[in-house]
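The lines below spell out each chain.
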Amino acid sequence: MAPSINSQQRWRGVYRYLERTGPFANEGFEPGEKVKDFLHTIKVLVVGAGGLGCELLKDLALTGFTDIHVIDMDTIDISNLNRQFLFRAADLGKPKAEVAADFVMKRVPGCKITPYFGKIQDKDEEYYSQFTIIICGLDSVEARRWMNATVINMYDEDDPETLKPIIDGGTEGFKGQSRIILPHFTACYECSLDMQTKPTTYPMCTIANTPRLPEHCIEWASVLEWPRTFPDKKLDGDDPEHIKWLLDQASARARQYDITGVTYSLTQGVVKNIIPAIASTNAIVAASCATEAFKIATNCATYMSNYMMYVGEQGVYTYTFELQKKDDCPVCGAVAIKIDVPANSTLQDLIDLLMERKDIRLKAPSLRTGSGSLYMQAPRALRDATAPNLVKPLRELLEDGGEITVTDQALPISMNVTVRFSD
Amino acid sequence: MSIADSKTQKYDRQLRLWHAHGQAALERSKVCLLNGSGVGTEIVKNLILPGIGSLVVVDSAIVSDSDLGENFFVTPAHVGQPRAKAVSDLLLELNGDVHGDYLQEDPEAMIERSPEFFKQFTLVIATQISGKSLRRLADICWEQDVALIIVQAHGLVGYARIQVREHTIVESHPEQIVDLRFDSPFPALAAFADSFDLDAMDSLAHSHMPYIILLLKALNTWKQSHNAALPSNRDEREEFKQLVRTQERKEPGVENLNFEEALASAYRAWTPTTIPSSIQSILDDTRAAENLTPDTPDFWIIARAVRDFVANEGHGLLPLPGTVPDMHSDTESYVNLQTIYRTKARQDAAAVAARVTELVALAGRAERPIALDEIDRFCKNAAFVKVLRYRSFAEESDPRTAEAKTIGNALASDPRDNAAWYVALRAGEECKEHLGRWPGEPDSTSGHEVDVESDAAVLRDAIATYLAARGLPTDAVSNDHVVEFVRAAGANLHVTAALLGGVVSQEAIKLLTRQYVPIDNTVVFDGVRSVASVYRL
Ligand SMILES: [Zn+2]
């Protein structure tokens, strides 16, 4: 090992931005030692140690962040190795967060990375409140919604310390996006939920009766045949034996209907809802997120405002724009969502209507008014007690223009809905 | 259909994008990296991971403390050692499938002394090379027909430029390929549509008739009363839709999804099947039309065969792709439709393949036939193939042949356009040649404090000279850009290196797999606004 690293030399690129100001510096930027110290001491959190997470840890460590935490519940799989460059064949099966943290700490001395192998839901507000910036490299809509709602709920306008910027990235093939969420100041993840494409689903009657595509045969095998044949065994998309069984069933059905194109790769793709992923796109999106983290931490340049789409299939195209906050956002909005229904429709109809809305996307909603529960999913006794309300017409349960509160077990969301009778 | 081997598993997420033949092309590629800089290693990291064939790093630098804050592929233990070896060791460790080597040589000296060295590569990536050496390298690559990507990072700004003489693409991966021939149904398709009697069907069969049949029948009826012409104006089109609707049965409890789809796709029925002009000009290109030689690339031989097909068996149309989009249908009708389109596509491809065999013999390369898969892919993508002919870096650099208007117009329409960074980079490089450092960069030899004001004045003059030589207003680049450029002073930020590493490796993959469409020819990324712009310069 070299005896000691000259930090003025090591960070000369970063310091060039921090020692002088310029016309594109952010408001309030003060060049000098203080901002350098700040960069080198603040705590940041990386959520996810996969394709984006590996890149983020490297980028942040080489930008001068020295206290980084990383949280991920996954272990390393062979299909990660084409892009998650901190992992090697010898690491298969080990926790991503731990292997990634070790690797970067060895490669970049002076940077401390604290891994947590587990779920984001394991941690509470106290844990999340220790970080100055939270950077997410997640692959699921649900995890993002949870992080977004949790961090936004932490904000207390009397205490500026509780404002935690979220930087969020995502990729698919040659496309990706990065965005900044400043709770209550910019649009949040929930504000833009209707921009997220839902995973492809196939109608059950097509799967059961009129298959046309190889995907229909695979869905038939996994959704209908597997539970029928193995009622007690959970289907595991990572178990090659399971995929092989599905492949055989799907192939037989495809032959029966003269459908072509059922392969091992397609079977696995459909069952696991696999999204193509390459190192390059992760690099672009993670670097964009890390650039914004550097700017937010130091104010050395104005931030991106506030959403960038990157499309690389046909040439290079970016679209960077300011995503607007929604007044009736269930997480950060101040205004109740308004919904119009006939007074004669049932509580179940209202729930169906709420579930259909692409901008809300509830999983298992519970509803109550100021005076009591309308329908609660849990605990069981309360569900049984409130279930009879489902078939009652709304006019028996609510006033016209009455406000209800909707919560969802799966999400840290509580939103107000004004129900107006349309007749 | 066996359980995937470990290589297929490792590359699963990328094979879904470029498939086995794209992977094979990637694995045949030989890449040369000039300078194991932060940005250089970030680019090739993203090429080694997906499995290029081989990499050679040319670099004479010695690892210093400053590399440690920019480059992930050096460690403190490497300080004082050759950077070429350090980075290639740590890069190659990423993927055992990739071969690699390094040359501890000054890239600029290689360019000067051994131009033939570059001939062996599929792609040369030049980082931290500018001025005369860069222009010389670009000339060498142009003469030897080797793809070149020039990369420059400067603070929060990134720049990359591709130079290739000609890049042909069969699989450009459009969002969808739909060619259903409503206006000119081939005999098997017309007969299939005629075989159904919509009025005689039970309601279950009726509600499961694929929209292709519904539209073919409606168009047939339409043509009979309109002298075989297609609906050609707004009123006629509305009338045609009405005609489709008259076949719909309104029965309680029956959802007519097929009719909904038919109305949504009605425009396909009245859009004549033609050859897009960009494709026609490829078929008419002299490379396809004349002088086939043993060296004529496969692409052009197949293009010529397709041209001959269009003139003969194709009756003026391209080979049929043969794919049928998913639609509401009973299984049997859909599968029959698929078979009918696919059979016609196979016949078309067979006709093209027969012509290719003749042309291969004519070209004097009968011993090197073209694989049927390759011909099939061309036929399937015939309406979407692409030819990119790049301008050389020499043309761009010479003020007499530069595309100055492109830059001028961009700056005139938006003073914050990334073209400002492009001009600042070019002029900044000029300053660097005179000053021996970037404007604003401390002088490492004298140790003197840098005079930011006077460096800004030097850059401002260089920009004005650069613009004037190209007939552009000398104040086209804002003072803010000048001052910010001097502030960055050639700073190497890892985040910019990583971002360019992603952008350039995507472009390299598109070049090497010959799939998707690379930029033509320059991209500039502004890390302040997070905006990329592409220019043809
Ligand atoms: Zn919101």
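All chains use their own residue numbering, which begins from 1 and follows the written sequence. As a convention, the first chain written is A and the first ligand written is 1, with the rest following in written order. Only residues with pLDDT of at least 70 get local features here, since the model is predicted, and only at 80 or more are side-chain atom pairs given and counted; chain-wide, interface and lining totals rely on the full set of residues. The basis for every side-chain value is the complete set of heavy atoms in the structure, and neither hydrogens nor water enter the calculation.

- Taking an unreviewed UniProt entry as the reference, chain B is identified by name as NEDD8-activating enzyme E1 regulatory subunit belonging to Geranomyces variabilis.
- UniProt positions are given in the numbering used here, feature names are shortened, and annotations may be inferred rather than shown by experiment. The record held by UniProt for chain B lists under Pathway (unreviewed entry) the comment "Protein modification; protein neddylation."
- For the record of chain B, the UniProt heading Sequence similarities (unreviewed entry) holds the text "Belongs to the ubiquitin-activating E1 family. ULA1 subfamily."

- As annotated in an unreviewed UniProt entry, chain A is NEDD8-activating enzyme E1 catalytic subunit from Geranomyces variabilis.
- The record in UniProt for chain A states the following under Catalytic activity (unreviewed entry): "ATP + [NEDD8 protein] + [E1 NEDD8-activating enzyme]-L-cysteine = AMP + diphosphate + [E1 NEDD8-activating enzyme]-S-[NEDD8 protein]-yl-L-cysteine."
- For the record of chain A, the UniProt heading Sequence similarities (unreviewed entry) holds the text "Belongs to the ubiquitin-activating E1 family. UBA3 subfamily."

Some remarks on the overall build of chain B
Logical step 1: The numbering of helices and of strands both runs from the N terminus, where a helix is a DSSP run of H or I of at least 4 residues and a strand a run of E of at least 2. The helix and strand tally for chain B stands at 24 helices and ten strands.
Logical step 2: When the backbone C-alpha atoms are referred to their principal axes, chain B occupies close to 95 × 55 × 50 Å.
Logical step 3: When accessible area is computed with a 1.4 Å probe and restricted to protein chains, residues below 20% of their type maximum are described as buried, those above 50% as exposed, and intermediate ones as partly exposed. When each of the 537 residues of chain B is scored for burial, the buried share is 58%.
Logical step 4: The contacts of chain B with a sequence gap of at least 6 include a subset with a gap of at least 24, amounting to 70%.
Logical step 5: Carbon together with sulfur atoms contributes 49% to the accessible area of chain B, which is approximately 21600 Å² in total.
Logical step 6: Positive charges come from Lys and Arg alone, negative charges from Asp and Glu alone, with His and the N- and C-terminal ends not counted. Each charge is placed at NZ for Lys, CZ for Arg, CG for Asp and CD for Glu. For chain B, the separation between the mean place of its 53 positive charges and that of its 76 negative charges on side chains is 3 Å. Any two residues whose heavy atoms approach within 4.5 Å at even a single point are treated as in contact. Reported accessibility uses the Shrake-Rupley method at a 1.4 Å probe radius. Residues are deemed covered only where the shown protein chains occlude them.

Considering the interface of chain A and chain B
Logical step 1: On the chain B side, the residues contacting the 92 residues of chain A number 94 residues.
Logical step 2: Values labelled buried area give the accessible surface lost by two parts on being combined, using a 1.4 Å probe and summing over both. Of all residues in chain A, F24, R107 and R212 of chain A give up the largest surface area on contact with chain B, accounting jointly for 12% of the area buried on that side.
Logical step 3: Any carboxyl oxygen of Asp or Glu that lies within 4 Å of a side-chain nitrogen of Lys or Arg is treated as forming a salt bridge with it. Across the pair R88 of chain A and E93 of chain B runs a salt bridge whose closest N-O atoms are separated by 2.9 Å.
Logical step 4: Under this definition, polar contacts are N or O atom pairs within 3.5 Å; protein pairs additionally need one hydrogen-donor-capable and one acceptor-capable atom, and for neighbouring residues in sequence, both atoms have to be side-chain atoms. Applying the counting rule to chain A against chain B returns 37 residue pairs in polar contact (both at pLDDT 80 or more).
Logical step 5: It is helix α12 (residues 279-298) of chain A that contributes the most residues to the side of chain A that touches chain B, twelve residues altogether.
Logical step 6: We call Asp, Glu, Lys and Arg charged. Ala, Val, Leu, Ile, Met, Phe, Trp, Tyr, Cys and Pro are nonpolar, and the rest, Gly among them, are polar. Grouping the constituent residues of the side of chain A that touches chain B by class yields 46 nonpolar, 29 polar and 17 charged.

Notes on the pattern of salt bridges
Logical step 1: Considering all chains together, one arrives at 53 salt bridges over all chains under this definition.
Logical step 2: Residue E313 of chain A is joined to K175 of chain A by a salt bridge in which the shortest nitrogen-to-oxygen separation is 3.8 Å. Of this pair, E313 of chain A sits in the loop between β7 (307-311) and β8 (317-321) while K175 of chain A is found in strand β6 (residues 175-181), placing the two residues 138 residues apart along the sequence.
Logical step 3: The residue R304 of chain B makes a salt bridge to D308 of chain B at a minimum N-O spacing of 3.4 Å. Taken as a pair, R304 of chain B and D308 of chain B lie in helix α16 (residues 298-311) at a separation of four residues, close to a single helical turn.
Logical step 4: Taking relative accessible area as the criterion, R304 of chain B reaches 16% and is therefore assigned buried.
Logical step 5: Under the relative-accessibility criterion, D308 of chain B is labelled buried at 13%.
Logical step 6: Each of E55, K58 and D59 of chain A together with E42 and K45 of chain B takes part in a single network of salt bridges with overlapping partners.

Regarding the packing of helix α22 (residues 452-469) of chain B against helix α23 (residues 479-488) of chain B
All names here are of chain B.
Logical step 1: In this analysis an axis means a line fitted to C-alpha atoms, helices contributing only their contacting stretch, and an angle means the value between N-to-C directions, from 0 to 180 degrees. α23 packs onto α22 with a crossing angle of 125° between their chain directions and a minimal axis gap of 9 Å. The orientation of α22 with respect to α23, classified from their angle, is oblique. Helix-helix and strand crossings are classified by hand; for α22 and α23 the assignment is right-handed. Here V452, D455, A456, L459, R460 and I463 of α22 lie close against α23, whose contacting residues are N479, V482, F485 and V486.
Logical step 2: For the contact of α22 with α23, the residue count by class is seven nonpolar, one polar and two charged. Any angle that is under 35 degrees is reported as roughly parallel, and any over 145 degrees as roughly antiparallel; angles of 65 to 115 degrees are reported as roughly perpendicular and all others as oblique. Two helices cross in a left-handed way if the nearer one is turned anticlockwise from the farther one by less than a right angle. They cross in a right-handed way if the turn is clockwise.

Quick notes on the coordination of the zinc ion
All names here are of chain A.
Logical step 1: Water is not part of the atom set, so a site may look incomplete; the donors themselves are N, O and S atoms within 2.8 Å of the metal, or 3.2 Å for Na, K and Ca. Looking at the zinc ion, one finds its protein donor set to be C188 (SG), C191 (SG), C329 (SG) and C332 (SG), positioned 2.2 to 2.3 Å from the metal centre.
Logical step 2: Considering all four donor atoms around the zinc ion, the spread of angles at the metal, 97 to 118°, places the coordination shape in the tetrahedral class.
Logical step 3: Look at where the donors of the zinc ion fall in the sequence and you get C-x2-C-x137-C-x2-C. Taken as a pair, C191 in the loop between β6 and α8 (204-208) and C332 in the loop between β8 and β9 (337-341) lie far apart in primary sequence, 141 residues in all. An identical accessibility class is assigned to C191 and C332; each is buried. Note on geometry labels: four donors, all angles 85 to 135 degrees, give tetrahedral; four donors become square planar and six octahedral when opposite donors are over 155 degrees apart and every other angle is between 65 and 115; remaining cases are irregular.

A word on the domain arrangement of chain B
When the parts of a complex come together, some accessible area is lost, and that lost area is often used as the size of the interface.
Logical step 1: Where each domain starts and ends follows an automatic or database-derived domain assignment. Here chain B is described as being made up of domain 1 (3-165 + 493-535), domain 2 (187-270), domain 3 (277-327 + 336-388) and domain 4 (402-488).
Logical step 2: A straight line from the C-alpha centre of domain 1 of chain B to that of domain 2 of chain B covers 54 Å.

Considering the UniProt feature "domain: E2 binding" (unreviewed entry) in chain A
Logical step 1: UniProt tags residues 339-422 of chain A as "domain: E2 binding" (unreviewed entry).
Logical step 2: In this annotation, residues 339-422 of chain A is assigned 20% helix and 35% strand; the end-to-end C-alpha distance for the span is 9 Å.

Observations regarding the environment of I337 of chain A
All names here are of chain A.
Logical step 1: Mapped onto the elements of the fold, I337 is located in strand β9.
Logical step 2: Residues I337 and K358, 21 residues apart in the sequence, show an inter-C-alpha distance of 13 Å.
Logical step 3: In contact with I337, not counting residues within four places along its chain, are D328, P330, R357, I360, M415, N416, V417 and T418.

Notes on the layout of surface pockets
Residues and elements named next belong to chain B.
Logical step 1: Throughout, the protein atoms alone are placed on a 1 Å grid, and a set of points is a cavity if a 1.4 Å probe fits but cannot get out or a pocket if it is open with protein on both sides within 12 Å along at least five of seven lines; lining residues have an atom within 4 Å of a point. Grid points are joined across faces, edges and corners, and a volume is the space filled by probe spheres set on the points. As a volume, the second largest pocket reaches approximately 1200 Å³.
Logical step 2: Together, 33 residues line the second largest pocket, and H167, T168, P297, L511 and R514 are the ones closest to its centre.
Logical step 3: Counting only elements with at least two residues in the lining of the second largest pocket, the list comes to α2 (12-28), β7 (167-169), α16, α18 (372-380) and α24 (494-513).
Logical step 4: Per-element accounting of the lining of the second largest pocket gives the leading share, four residues, to α16.
Logical step 5: Its residues assigned to classes, the lining of the second largest pocket shows 15 nonpolar, seven polar and eleven charged.
Logical step 6: Shared between two domains, the lining of the second largest pocket takes at least three residues from each, and those domains are domain 1 (3-165 + 493-535) and domain 3 (277-327 + 336-388).

Remarks on the pairing of strand β12 (residues 402-408) of chain A
All names here are of chain A.
Logical step 1: β12 sits mainly inside the fold: five of its seven residues count as buried.
Logical step 2: The criterion for strand pairing is that DSSP finds at least two bridges linking the strands in question. For strand β10 (residues 365-369) and β12, the ladder comprises five bridges, and the chain directions are antiparallel. Following the sheet pairing, S366 is matched in β12 by T407.
Logical step 3: As paired elements, β12 and strand β13 (residues 411-421) share seven bridges and run antiparallel to each other. Residue pairing in the sheet places D408 in a bridge with L411 of β13.
Logical step 4: Taking the residues between adjacent antiparallel strands as the criterion, β12 and β13 are bridged by two residues.

Topic: the state of the cysteines
Logical step 1: Criterion for a disulfide: a pair of cysteine sulfur atoms at a distance within 2.5 Å. Summed over all chains, the structure comprises zero disulfides over all chains.
Logical step 2: In this structure C136 of chain A is not part of a disulfide, and its nearest cysteine sulfur, from C289 of chain A, lies 8.8 Å away.

Some thoughts on the UniProt feature "active site" (unreviewed entry) in chain A
All names here are of chain A.
Logical step 1: On the UniProt side, "active site" (unreviewed entry) is annotated at positions that read C205 here.
Logical step 2: For C205, the position within the fold is in helix α8.
Logical step 3: Using a relative accessible area of 48% as the deciding quantity, one classes C205 as partly exposed.

Some remarks on the pairing of strand β1 (residues 30-34) of chain B
Remember that side chains alternate between the two faces of the sheet whenever the strand is regular.
Residues and elements named next belong to chain B.
Logical step 1: Counting buried positions along β1 yields four of five residues, so the element is predominantly enclosed.
Logical step 2: Examined bridge by bridge, β1 and strand β2 (residues 54-58) share five bridges and lie parallel to one another. When the bridges of β2 are listed, L34 appears paired with V58.
Logical step 3: Regarding topology, helix α3 (residues 38-48) serves as the crossover connection from β1 to the parallel β2, and that connection is right-handed.
Logical step 4: Bridge count for β1 against strand β4 (residues 123-127) is four bridges, and the pairing is parallel. In the strand pairing of β4, L34 is matched with A126. The definition of a right-handed crossover adopted here requires that, viewed with the strands pointing away, the path from the first strand over the helix to the second runs clockwise.

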